[in-house]
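Coordinate inspection notes
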Amino acid sequence: MLVDMKIGDLLQYQGRNPKPQDFDAFWDQSLADLAALDPQCEWIPAAFQTAEAECFDLYFTGMGGSRIHAKFARPREAARRKGPAVVFYHGYSGNAGDWIQLLPYV
């Protein structure tokens, strides 16, 4: 095992770049803005459906008024109860993938 720092040094290590002076203020304000946000959620049944899964196009409003689209799929029998979730982020490709890719998780 390659170790380039002692454990005591690692526990104190804060990265190569210093934390900006306004870091805490930025995140305090961002969290306050988020708490005040009306997400205006819309759940629209998707054209793609299966006997086992309910599929929805989910739209909500994010920071700065951005309208965000997500694909939401759940087991039909789970529609009225809480359960675990799996969240995928597509990154910067702009491609949310196909509905069929979500089915193994449903």
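Our structure's up above, just so we're on the same page.
Just so it is clear, the structure is predicted and the values come from calculations on it, not from any experiment. (Residues numbered from 1 in each chain as written. Predicted model: local features only at pLDDT ≥ 70, side-chain atom pairs only at ≥ 80, totals over all residues. Heavy atoms only, no water.)

This part covers the overall build of the chain. Summing up its helical and strand segments, the chain has two helices and three strands in all. Moving toward the C terminus, one meets the helices and strands of the chain in the order α-α-β-β-β. A total of 106 residues make up the chain; the buried ones form 14% of that total. A sequence separation of at least 24 residues applies to 39% of the contacts in the chain between residues at least 6 apart. As displayed, the chain has an accessible area near 9300 Å², and 57% of this comes from carbon and sulfur atoms. Side chains of the chain carry 10 positive and 13 negative charges; the gap between the two charge centres is 6 Å. (Helix = DSSP H or I, 4+ residues; strand = E, 2+ residues; numbered from the N terminus. Buried < 20%, exposed > 50% of the residue type's maximum accessible area, 1.4 Å probe, protein only. Contact = heavy atoms within 4.5 Å. Areas by Shrake-Rupley, 256 points an atom, 1.4 Å probe, with all protein chains shown as cover. Lys, Arg positive; Asp, Glu negative; His and termini not counted. Charge placed at Lys NZ, Arg CZ, Asp CG, Glu CD.)

This next bit is on the layout of surface pockets. Estimated volume of the largest pocket: approximately 1100 Å³. Along its surface, the largest pocket is lined by 32 residues, and Lys-71, Phe-72, Ala-73, Val-86 and Val-87 are the ones closest to its centre. Among the secondary structure elements, those contributing two or more residues to the lining of the largest pocket are strand 2 (53-61) and strand 3 (67-75). Here the lining of the largest pocket takes eight residues from strand 3, the largest share from any one element. Grouping the constituent residues of the lining of the largest pocket by class yields 21 nonpolar, six polar and five charged. (1 Å grid on protein atoms, 1.4 Å probe; cavity = no way out; pocket = protein on both sides within 12 Å on 5 of 7 lines; lining within 4 Å. Points joined across faces, edges and corners; volume = space filled by probe spheres on them. Nonpolar A, V, L, I, M, F, W, Y, C, P; charged D, E, K, R; others polar.)

The sheet built from three strands is open, its strands ordered 1-2-3 with antiparallel pairing. Unpaired on one side and paired on the other, strand 1 (42-45) and strand 3 mark the two borders of the sheet. Here the strands of the sheet are splayed against their neighbours by 30° on average, with no regard to which way each runs. As paired elements, strand 2 and strand 3 share nine bridges and run antiparallel to each other. (Pairing = 2+ DSSP bridges. Axes fitted to C-alpha atoms, helices over the stretch in contact; angles between N-to-C directions.)

Turning our eyes to something else, we now look at the environment of Asp-24. Secondary-structure assignment places Asp-24 in helix 2 (residues 23-35). Linking Asp-24 and Asp-98, residues 74 residues apart in sequence, is a C-alpha distance of 39 Å.

This paragraph deals with the environment of Ser-30. Summarising the element assignment, Ser-30 is placed in helix 2. For Ser-30, a relative accessible area of 17% translates into the label buried. In this structure the C-alpha to C-alpha distance between Ser-30 and Phe-56, which are 26 residues apart in sequence, comes to 28 Å.

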